[in-house]
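The residues making up each chain are set out below.
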Amino acid sequence: YNGFVLTNKMPREDAQPLTATDKKAVQEADELVLTTSSTIDALKQAKDLSKQAFAGPAAGTRGYLASFLGESSDTGKGGVATTDLNNLVMSTALNQLKAIFGGAPTEGERKILLDIQGSVNQPDIVRQKIYDRAIALAERKLEFNRQRAFRHGGKVI
C-alpha cells in the first residue's frame, strides 16, 4: 500500500509491461468512459429540457412549428425546448447509447433505446422516468468500463 501511495503504481506494475492487447483494452475502455460520461450529461440536459417541452401526440411537429415564433412567447419557448429536446435525444443521446451498449444490447438496453426514440411525444413525467432508466444503465456501463480499464493497467478517469 505504501508503495502505491508513494509511486501511484501497483506492486510489480513496472515489472510487467502492458501487452498490445492490454493497451487496446485500456484505450477502448477509456474511450467508452468518455462517451458514457458525455451521454449521461446529455440525458441530464434532456431531463431539464423535458420540463419545458411540449408533450402528447405530435409534440415534435407542434414544437417544430412553434419554434418559428422564437422565444418571445411561452408557446415559442415550448416549441424551441421541444425541438432542442428532440435534437438532443435523437442525434446525441440515442447514437451514443447505441455505441455504449454495443452491437448486441440486452433486452433492457434495447427497451431503453426504443423508449428514448419515442420519448418526445410522451408526457414529461414519463420522459423523466425513461431518462432516469437510461442514466442508470449508462452509469452501470461507466463503472464497468472504469473497472475494465483499471484491471488492464489503465488509469481511472
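The notes below deal with the structure included here. (Residues numbered from 1 in each chain as written. Predicted model: local features only at pLDDT ≥ 70, side-chain atom pairs only at ≥ 80, totals over all residues. Heavy atoms only, no water.)

1. A word on the packing of helix α4 (residues 74-101) against helix α5 (residues 107-117)
Geometrically, a packed helix pair is captured by the angle between its two axes and the distance between the axes.
And then number 1: Where α4 contacts α5, the two axes come as close as 10 Å, and the packing angle between them is 170 degrees. Relative to α5, α4 is oriented roughly antiparallel. Of the residues in α5, those in contact with V89, M90, L94, L97, K98 and F101 of α4 are E109, L113, I116 and Q117.
And then number 2: For the contact of α4 with α5, the per-class residue count stands at seven nonpolar, one polar and two charged. (Axes fitted to C-alpha atoms, helices over the stretch in contact; angles between N-to-C directions. Helix = DSSP H or I, 4+ residues; strand = E, 2+ residues; numbered from the N terminus. Parallel < 35°, antiparallel > 145°, perpendicular 65-115°, else oblique. Contact = heavy atoms within 4.5 Å. Nonpolar A, V, L, I, M, F, W, Y, C, P; charged D, E, K, R; others polar.)

2. Some points on the pattern of salt bridges
And then number 1: A full pass over the atoms with the stated rule returns six salt bridges.
And then number 2: Linking D115 and R133 is a salt bridge whose minimum nitrogen-to-oxygen distance equals 3.2 Å. Taken together, the positions of D115 in helix α5 and R133 in helix α6 (residues 124-151) put the pair 18 residues apart, joining distant regions of the chain.
And then number 3: Of the residues examined, D115 reaches a relative accessible area of 19% and is grouped as buried.
And then number 4: Residue classification places R133 among the partly exposed residues on the basis of a relative accessible area of 39%.
And then number 5: Residues joined by salt bridges that share partners form a network here, namely K111, D115 and R133. (Salt bridge = Lys/Arg side-chain N within 4 Å of Asp/Glu carboxyl O. Buried < 20%, exposed > 50% of the residue type's maximum accessible area, 1.4 Å probe, protein only.)

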